[in-house]
Amino acid sequence: MSFPSLYDPFDGMCFNSHSCFLCGAAITPDDVTPVFPNWLMKQYNFADKQLLLLDKSIITYRELTIPCCSHCRENYVAPLESKIEMALQEGVTGFRKLDEKDLFLWLTKMFYGILVRELLNEMNPLIKPEHAVGENPKMFLKFQSLFKLLQALRVPIVFDDFEPASIFILEVDATEDDTPFEYRDELSTMMFSIKLGPVAIVACLLDNGIVKKALRPVWEDIKDKKLHPIQMAEFTARAYYAGYLLNIIPEYFERRPKTGEEYLIYDTLVDDITMDVFNPWEHTAYAKLLEEMWRKWNITYGDILKNPREPQSYIYDETGIFRETIRLSE
Ligand SMILES: [Zn+2]
């Protein structure tokens, strides 16, 4: 068996309906795989719900598919999907037991799938999106790096001494919860979060674990707690804001092991070490993001910054202690 070579669709921008997203093989437009797996759409009943893409087109989740050859579908995508499906049956415990690389690849496949759909729409000359994702050089580099990591879904690749992403697995208190499934993504910052019943996953998919390091003090306080959804939303805001402030773009370089074994090793480098890793935190910008995450509780930007030096928190009380019980004023 010959060792599969890496595929890079960004080299020549091969985004079309007749190339497999993962290996580049020629396929027919009927060869697709859903971005959100069928079992997930079935379990949370959202296949026919609609979503809005950047170009303002509306499609259903069922229609959100990416070009994929049958070989990649059967040998790489399906086995990963069944691992995750099994993990979900055990809730948070199941997800915590997963190999982090599998979880990373699963999240990245969905994030990347949405991105590819956006890119395919951009290639359509009749559609002119406001922010063309393929035309921003910084985003282009990020997507290319992320795709290189995603190749680990089909090519045996060992990440040498680094975790490519920051992944947080949170437990949400089911008795307080009325939204079994939700997801959010932000293409420019590589942030992706998804909630599956009591399991909430928040991830920065391309940061070599830097966001996780920065958020460690908060993470230590909440990682073993059952969170109220408003606390989960606050943590999500903190993570998304950290992702927004992050200044660096990791790059990955492949090498073959000396022994000639059939796998690749990735090393990583961070592009520009002369810059600060994070831009400075600003309460006003954070509060805007938090207002968005707290929208369903009708908490406004003004409420959040009543004390301009200390944005409102439901994770911590006034003395900086974790809030075990949440009382929401009506
Ligand atoms: Zn393929």
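Report follows, based on the coordinates.

For the chain, the count of helices and strands is 10 helices and 12 strands. Dimensions of the chain along its principal axes, counting C-alpha atoms only, are 60 × 45 × 40 Å. The proportion of buried residues among the 330 residues of the chain is 35%.

Here we take up the sheet that holds strand β7 (residues 181-186). Strand order in this open sheet of five strands is β7-β8-β9-β6-β10, and the pairing throughout is mixed. The outermost strands of the open sheet, each flanked by one partner alone, are β7 and β10 (226-227). Across six bridges, strand β8 (residues 191-196) lies against strand β9 (residues 199-204) in antiparallel orientation. Directly across from K195, in β9, lies its bridge partner A200. Helix α8 (residues 229-245) contacts β6 (166-172), β7, β8, β9 and β10 of the sheet and is inclined by roughly 10 degrees relative to β9.

We now examine helix α5 (residues 137-150). If you check α5, its first and last C-alpha atoms are 20 Å apart, about what 14 residues at 1.5 Å a residue would give, namely 20 Å. By the burial criterion, the buried members of α5 are K142, F143, S145, L146, F147, K148, L149 and L150.

Secondary-structure assignment places N136 in the loop between α4 (100-123) and α5. Sequence separation between N136 and E310 is 174 residues; the distance between their C-alpha atoms is 35 Å.

Moving on, we come to the sheet that holds strand β5 (residues 157-159). Read across the sheet, three strands follow the order β5-β12-β11 without closing on themselves; strand pairing throughout is mixed. Each edge of the open sheet carries a strand with a single partner, namely β5 and β11 (250-255). On average, adjacent strands in this sheet sit at an angle of 35 degrees to one another, irrespective of strand direction. Summarising the sheet, β5 and strand β12 (residues 264-270) pair through three bridges and their orientation is parallel. Within the sheet, the bridge partner assigned to V158 lies in β12 and is I265.

Quick look at the pairing of β9 now. Where burial is concerned, most of β9 is hidden: five out of the six residues are buried. Where β8 hands over to β9, the hairpin turn is made up of two residues, of which G197 adopts a positive phi near 60 degrees.

Let us look at unusual backbone geometry. Excluding glycine, residues mostly have negative phi values, and the peptide bonds linking residues are mostly trans. Positive phi is not limited to glycine here, since K56 has a value of about 75 degrees. At N208, a position not held by glycine, the phi torsion is positive, near 50 degrees. Within the element layout of this structure, N208 appears in the loop between β9 and α6 (210-214).

This part takes up the nonpolar core. L107, L146, C204, L205 and A239 are the most contacted members of the largest nonpolar core, which totals 83 residues. Among the elements that line this core, the one with the most residues is α4, at 11 residues.

Another aspect to go through is the pairing of β12. Looking along a regular strand, one sees the side chains alternate between the two faces of the sheet. Across six bridges, the pairing between β11 and β12 is antiparallel. Bridge pairing in β12 places R255 opposite I265.

On to the packing of α8 against helix α9 (residues 283-293). Relative placement of two packed helices is described by the angle separating their axes and the distance separating the axes. Across the interface, α8 lies against α9 with an axial gap of 9 Å and an inter-helix angle of 140 degrees. In this view, α8 runs oblique relative to α9, as classed from their interaxial angle. Both α8 and α9 take part in a crossing whose hand is right-handed. Within the contact between the two elements, α8 uses A233, E234, T236, A237, Y240 and Y241 and α9 uses Y286, L289, L290 and M293. In the contact of α8 with α9, the residues fall into eight nonpolar, one polar and one charged.

Thresholds, definitions, all that
- Residues numbered from 1 in each chain as written.
- Predicted model: local features only at pLDDT ≥ 70, side-chain atom pairs only at ≥ 80, totals over all residues.
- Helix = DSSP H or I, 4+ residues; strand = E, 2+ residues; numbered from the N terminus.
- Buried ≥ 20, exposed ≤ 12 C-beta atoms within 10 Å, placed from the backbone.
- Pairing = 2+ DSSP bridges.
- Contact = placed C-beta atoms within 7 Å.
- Axes fitted to C-alpha atoms, helices over the stretch in contact; angles between N-to-C directions.
- Expected span 1.5 Å × (residues − 1).
- Core = buried A, V, L, I, M, F, W, Y, C linked by C-beta atoms within 7 Å.
- Parallel < 35°, antiparallel > 145°, perpendicular 65-115°, else oblique.
- Left-handed = near helix turned anticlockwise from the far one by under 90°.
- Nonpolar A, V, L, I, M, F, W, Y, C, P; charged D, E, K, R; others polar.

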